[in-house]
Amino acid sequence: MRYAETGFNLEVDLTKGNIERVETDPKLTELYLGGQGTAAKLFWDRVPPEVKPFDPENLLMFSAGLLHGTPVPGANRTSVNTISPATGLFGHSLMGGFFGPELKYAGYDKIIIRGKSPELVYLWIHNDKVEIRDASHLKGLGINETTKAIRQELGEPRAQVACIGPAGENRVYTASIDCGWSSAARGIGPVMGDKRLKAIAVRGTKDIYVAHPQELYEECRKMYKKINDSDGCGDWMAVDEDDSFHHNNFAWGNARTRIKNYWSAELQERWTRWKYDNMDRQMGCFACPKGCINVISWQDKPRFAYKCYGKDTYHMAAFKELDYTYGMLGKAINYGLDSYSTAQLLAFAVELYEAGILTDKDLPNFPKDSGDRILYLMEMVVHREGIGDTLAYGITKAAKMIGKGAEKYDHNTVKGFEQLPIKLGKLNPAYFLMIATAEKMAITQIEGSFPQDPLPTIEERQKFCDEWEAVPHGSKFKQYFMEWEKRNEISDDRTCEIVDWNETMHYVDDSTGLCGFVSSFRGQFGGKVAYHLNNVPKFVTLATGIEFDTDGLWEIARRNRTLIRAINNRLGLRRIHDRPPEDHWAVRDEEYEQKLLSQYYEFRGWNMDAIPTKETLYKLKLDYVADELIERGILTEDDSDKEKAL
C-alpha cells in the first residue's frame, strides 16, 4: 500500500482527447519526495529542449504535495509547472487554497496535460470519472463567472475549480490560473490558454492512507495549536495594518520612483478603516488555522480577496491610495491577471508614454488621470487590442518589440520576469546570489530561513537565537547571526551557506506542499516558525513510512534544485543570465559580484558557466542528467576548468 500519496497520475492528451490513469514508481518518492520535485523529473524525461512553450509537446503539470490530504496542518500549496513563455525556462508557480488536497482525494498526485484542444474545453475529475467537456459557453468569462457556471453545470458546489480568465485565453504573459482566492502565476496562465483548457474542476471523496496514523495525528494536533497560537506563522499582512516597509522602500510606478517616509499614522488609520468597513471575512487554506486571506466587497465592484503584498501593487503603480487598488483588484483578479507582474507592466507602458516612446497614436484618447491610465491599459492588454497586443508579451519582450529606447525601461526583470520592485542602498551578498541564480520567479520563493538584516545589539541577537529552533546542523548559523554586524558585510563562504539553507527549505516545501507562511518564508522573522528542517522529517516519515532525517531531506532538496538548474541549462541558461536588476541596489561592484558568483558556483558544485558538474550530478544520483548534458555538448567529461567561463 502507498502511504501519503495516491500512487497514480492523471495523464490527459488534449489533442487526442485521451485520458489515462497511470501508476507511479514509489522509488521517485524516495529520491524527489513529490510536488515540484517529481514534476521536475518528469519534465526532464519528457520535455526535450527543442520543445517551445506553445508547442503541443510542452507539459502543463499540476502537482499535489506529498503531504496534501493528510492531517498535516498547512500542507496545501499546489505546484504548477510548465516551460514558461515569459522566460523560456522551467516555470515555477505555487497555488494555495484547496486544489491539491482535493486532487489527492480524487485519487491522483498529478495532472499531466499535453497537446492542444481544437476547441475550448474544461476537465472534470470526480474520483474515477474523468471527462473532457465542452467549454465554448465559458469563452470570455472571468474567474468568478467560470467557477460559478461550472459548479452549477456539474451540480457540485464543493468542486474545486482552477481556471483562467480572458487574460489566459488570450495568452497574456502575466495571466494566472486561479482557484478560489488562490492563484498560480509566473507565466503559467498563457500555456493553459494556449492548450484551450479553460478550467479543471475536481471533486474527490477517497481516503488518503498514512503509515502511522495515531502518531501522526498526535503530532498534527500539537502543530495545529502551535500554528494557531503563534505570531510567527501565517501572513502577518492579513492582520498587521502597518505596511510602511513596502510603501517606504518599494518603488512606485514601474520600478524607479521611491517615496521615502510616505507612511503616516493618519494614512494607516484611513486604510485600516477602508479595509475593515468593507471586509466580509478572513479565510484560510486547507488544514490551516490561520486566516491569511482578506475577502472584500468594495462598493459596486466585483468581490475579491487578497493576501500579502498583492493589496499594494495597483495603487503603487498608479501613485494612488488603497481605495484605488480595492477598485481594481476585483476586475484584475476576475480577468485572471497576476497582480505582481501586471501592475509593473502597465506602469511600464505609462513610463514609455511619458518618455515619448509610446505616443497618442499608440494610446488614442489616453486619460490624464494616472489611475484611469492603468485601467485603460489593462483593458488593452487583456483583450490584446492595439499596443496591448505587444504589451501582453510582458516587459522584456515588449520592450524589444517596441524598440526606440524602450529596453532601458526594462530595469526590474531577472531572466525575463518582473521582480518585486524594491530599491536599496548597498548590495546584500546573500540576496544578490538568491536573485541572480534563482530558478524561481520571485525572491519570496527563495528567502526566509536566515534573517534579512542583523539585529543592532548582542542582547537582541541572543534573544533571537534562544528562540531559534529552526536552525539545522548544530549552532553554526546562530554563530553567523551573532557575529553579523552590517547587512552587506558577511564572509563569502557564510553567504553561500546561508543561501543554500534558504533555498533548501523552500525546495522541501515545494515537494511536500507545505505553505511558506508556516515554513520556509517565515523563519527569517523569528524562531517561532512552525516547520523547519529539524521537524519536517518526522512528519514525512510518519505519513509515508519511509525514514527521513534532516540530512536526507537536505540532499533531496539539493537534488531537486540541481535538477531544475540542469533543465534550464538544457534550455540555454548560462552564467550570463545570472544577474539581478541593474538598479536593484544603488551601490554595485561588478568585480566583487563576479567573484562571489564564482565562489557560489564552486560551493554548489557547478562549473564557471553555471552548469552542475558531472561529479556533482553523479553524487546527487542525477547521472542520467550528466550523461545527456555531455551527449548534447552542454557539459564536458572533464569540466573542472574553473576559468573557462571567465
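None of these values were measured; they are calculated from a predicted model.

**Some remarks on the sheet that holds strand 12 (residues 197-203)**
If you trace the 6 strands from one edge of the open sheet to the other, you get 8-7-12-9-10-11, paired in mixed fashion. Each having just a single partner strand, strand 8 (129-134) and strand 11 (182-184) make up the two edges of the open sheet. This sheet shows a mean twist of 20° between the axes of neighbouring strands, independent of strand direction. Note: strand 7 (residues 121-126) against strand 12, 6 bridges, orientation parallel. Pairing of H126 across the sheet is with R203, part of strand 12. Here helix 4 (residues 143-154) sits on the sheet in contact with strand 7, strand 8, strand 9 (160-163), strand 10 (177-179) and strand 12, set at roughly 140° to strand 9.

**A look at the pattern of salt bridges**
Overall, the coordinates contain 55 salt bridges when judged by the stated rule. Salt-bridge contacts for D609 lead to R574; the nearest nitrogen and oxygen are separated by 3.9 Å. Residue D609 is found in the loop between helix 22 (590-604) and helix 23 (614-619), and its partner R574 is found in the loop between helix 21 (550-570) and strand 21 (585-587); the two are separated by 35 residues along the sequence. Here E582 makes a salt bridge to R579, at a shortest N to O gap of 2.9 Å. What makes R579 partly exposed here is its relative accessible area of 24%.

**Focus: helix 2 (residues 35-46)**
Its 12 residues place the ends of helix 2 17 Å apart at the C-alpha level, agreeing with the 16 Å of an ideal helix rising 1.5 Å per residue. Among the 12 residues that make up helix 2, 10 are buried, leaving the element largely enclosed by the rest of the structure.

**Comments concerning the sheet that holds strand 17 (residues 304-306)**
Backbone hydrogen bonds hold the strands of a sheet together, and the pairing may be parallel or antiparallel. If you trace the 3 strands from one edge of the open sheet to the other, you get 15-16-17, paired in antiparallel fashion. Single-partner strands in this sheet number two, and they are strand 15 (279-283) and strand 17. Looking at each pair of strands side by side, their axes are set apart by 25° on average, direction ignored. Sheet topology note: the strand 16 (residues 293-296)/strand 17 ladder contains 3 bridges and is antiparallel. Bridge assignment links N294 to a residue of strand 17, and that residue is Y306. Sheet strands in contact with helix 9 (residues 265-278) are strand 15, strand 16 and strand 17, and its direction is about 85° off that of strand 15. Each of strand 16 and strand 17 is contacted by helix 11 (residues 322-335), which is oriented at about 105° to strand 17, the strand it contacts most.

**Concerning the domain arrangement of the protein**
For the protein, the domain assignment lists domain 1 (8-203), domain 2 (236-418) and domain 3 (427-645). For domain 2 and domain 3, the distance between their C-alpha centres works out to 30 Å. Each side of the interface is counted separately: domain 2 has 11 residues, and domain 3 has 16 residues. Summed over both sides, the interface of domain 2 with domain 3 buries roughly 1,000 Å², with 64% coming from carbon and sulfur.

**Details of the side chain of T413**
Its place among the elements puts T413 in strand 18 (residues 413-414). The exposure class of T413 is buried, given its relative accessible area of 14%. Side chain to side chain, T413 and T396 meet in a polar contact 3.3 Å long. Polar contacts involving the side chain of T413 include one to the side chain of D410, which spans 2.7 Å. In this structure T413 touches I395, T396, E418, Q419 and P581, once residues within four positions along its chain are discounted.

Each value, and the rule that gives it
- Residues numbered from 1 in each chain as written.
- Predicted model: local features only at pLDDT ≥ 70, side-chain atom pairs only at ≥ 80, totals over all residues.
- Heavy atoms only, no water.
- Pairing = 2+ DSSP bridges.
- Helix = DSSP H or I, 4+ residues; strand = E, 2+ residues; numbered from the N terminus.
- Axes fitted to C-alpha atoms, helices over the stretch in contact; angles between N-to-C directions.
- Contact = heavy atoms within 4.5 Å.
- Salt bridge = Lys/Arg side-chain N within 4 Å of Asp/Glu carboxyl O.
- Buried < 20%, exposed > 50% of the residue type's maximum accessible area, 1.4 Å probe, protein only.
- Expected span 1.5 Å × (residues − 1).
- Domains from an automatic or database assignment.
- Buried area = accessible area lost by both parts, 1.4 Å probe.
- Polar contact = N/O pair within 3.5 Å; in protein donor to acceptor, adjacent residues only side chain to side chain.

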